[in-house]
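Each chain, written out:
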Amino acid sequence: MKHYRKVLTFNTNQRRNFINITRDVEEAVRESEIQNGLVLCNAMHITASVFINDDESGLHRDFEIWLEKLAPEKPYNQYYHNTYEDNADAHLKRTIFGREVVVAITDNKLDFGPWEQIFYGEFDGKRPKRVLIKIIGE
Ligand code: ZN
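Cut-offs applied
Residues numbered from 1 in each chain as written. Predicted model: local features only at pLDDT ≥ 70, side-chain atom pairs only at ≥ 80, totals over all residues. Heavy atoms only, no water. Pairing = 2+ DSSP bridges. Helix = DSSP H or I, 4+ residues; strand = E, 2+ residues; numbered from the N terminus. Contact = heavy atoms within 4.5 Å. Axes fitted to C-alpha atoms, helices over the stretch in contact; angles between N-to-C directions. Donors = N, O, S within 2.8 Å, 3.2 Å for Na, K, Ca; no water. Tetrahedral: all angles 85-135°; square planar, octahedral: opposite > 155°, others 65-115°. Buried < 20%, exposed > 50% of the residue type's maximum accessible area, 1.4 Å probe, protein only. Polar contact = N/O pair within 3.5 Å; in protein donor to acceptor, adjacent residues only side chain to side chain. Core = buried A, V, L, I, M, F, W, Y, C linked by side-chain atoms within 4.5 Å. Phe/Tyr/Trp six-rings, centres within 6.5 Å; stacked < 30°, edge-to-face > 60°.

With respect to the sheet that holds strand E5 (residues 100–106)
Pairing between the strands of a sheet is mediated by backbone hydrogen bonds and can be parallel or antiparallel. Taken in spatial order, the 5 strands of this open sheet run E1-E8-E3-E5-E6, and their pairing is antiparallel. Of all the strands in the sheet, the pair left with one neighbour each is strand E1 (2–10) and strand E6 (109–110). Where strand E3 (residues 37–43) and strand E8 (residues 129–137) come together, 7 bridges link them in antiparallel fashion. The residue bridging Val 39 from the neighbouring strand is Ile 135, located in E8. Sheet strands touched by helix H1 (residues 22–32): E1, E3, E5, E6 and E8. Its angle to E1, the strand with the most contacts, is close to 150 degrees.

Here it is, written out as structure tokens:
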């Protein structure tokens, strides 16, 4: 079995952002030269997510509004976690959107459904944060 590891780094200007990383993951799959296997892609931070959904701007706006209803950023003092930090909402948002995705690789390509795209979900940005890509197969 072959394996391949790559780390991506993101440093967003805003506190929250959704970034389409499908091309980055496809590039890693090509570099791995693995024809059939699995790719794991996970946020390496507990205030960020990797998830699969549609690349549609209205939907991303809906995500933001929905997440702010569930876990509003402010007021900061509504959360027990916010003693010396202000990112309790980011931990909660990450929990909803999840840590990682796993995608099948067939013939050195991501074996996706028609509208599936991979996103990095940043909930407490403005600093460098990493995403791990780990590929196994043959
Ligand atoms: Zn925290």
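Examining the coordination of the zinc ion
Here the zinc ion is held by the protein donor atoms His 81 (NE2), Glu 85 (OE), Asn 87 (OD1) and His 91 (NE2), which lie 2.0 to 2.2 Å from it. Considering all 4 donor atoms around the zinc ion, the spread of angles at the metal, 81 to 159 degrees, places the coordination shape in the irregular class. If you list the donors of the zinc ion from N- to C-terminus, the spacing comes out as H-x3-E-x1-N-x3-H.

Brief notes about the pairing of E3
Where burial is concerned, most of E3 is hidden: 5 out of the 7 residues are buried. Where E3 and E5 come together, 6 bridges link them in antiparallel fashion. Pairing of Leu 38 across the sheet is with Ala 104, part of E5.

So, the side chain of Ser 49
The topology assignment puts Ser 49 in strand E4 (residues 48–53). At 3.3 Å, the side chain of Ser 49 and the backbone oxygen of Arg 94 are in polar contact. Not counting the four nearest positions on each side in its chain, Ser 49 is found in contact with Ala 43, Lys 93, Arg 94, Phe 97, Gly 98, Arg 99, Phe 119, Tyr 120, Gly 121 and Phe 123.

Notes on the nonpolar core
One finds Ile 21 and Val 50 to be the most contacted residues of the largest nonpolar core, which totals 21 residues. Membership of the second largest hydrophobic core comes to 8 residues, among which are Leu 67, Ala 90, Phe 119 and Phe 123.

Comments concerning the environment of Arg 99
Along the chain, Arg 99 turns up in the loop between helix H3 (88–97) and E5. A distance of 3.0 Å separates a polar atom in the side chain of Arg 99 from a polar atom in the side chain of Glu 100.

Quick look at the packing of aromatic side chains
In this description, an aromatic ring pair is defined by two values, namely the gap between the centres and the angle between the planes. Tallied over the full model, the rule gives 11 aromatic pairs. Between Phe 10 and Tyr 120, the ring centres sit 4.8 Å apart and the planes meet at 15 degrees, which makes this aromatic pair stacked. Placement of Phe 10 in strand E1 and of Tyr 120 in strand E7 (residues 117–122) is noted, with a sequence separation of 110 residues between them. The exposure classification of Phe 10 matches that of Tyr 120, with both residues buried. With centroids separated by 5.9 Å and ring planes inclined at 85 degrees, the aromatic side chains of Phe 51 and Phe 63 adopt a geometry described as edge-to-face. One end of the pair, Phe 51, is in strand E4; the other, Phe 63, is in helix H2 (residues 57–70), with 12 residues separating them in the sequence. Just as Phe 51 is buried, Phe 63 falls in that class too. Through a chain of ring-to-ring contacts, three or more aromatic side chains come together here, namely Phe 18, Phe 51, Phe 63, Trp 66, Phe 97, Phe 119 and Phe 123.

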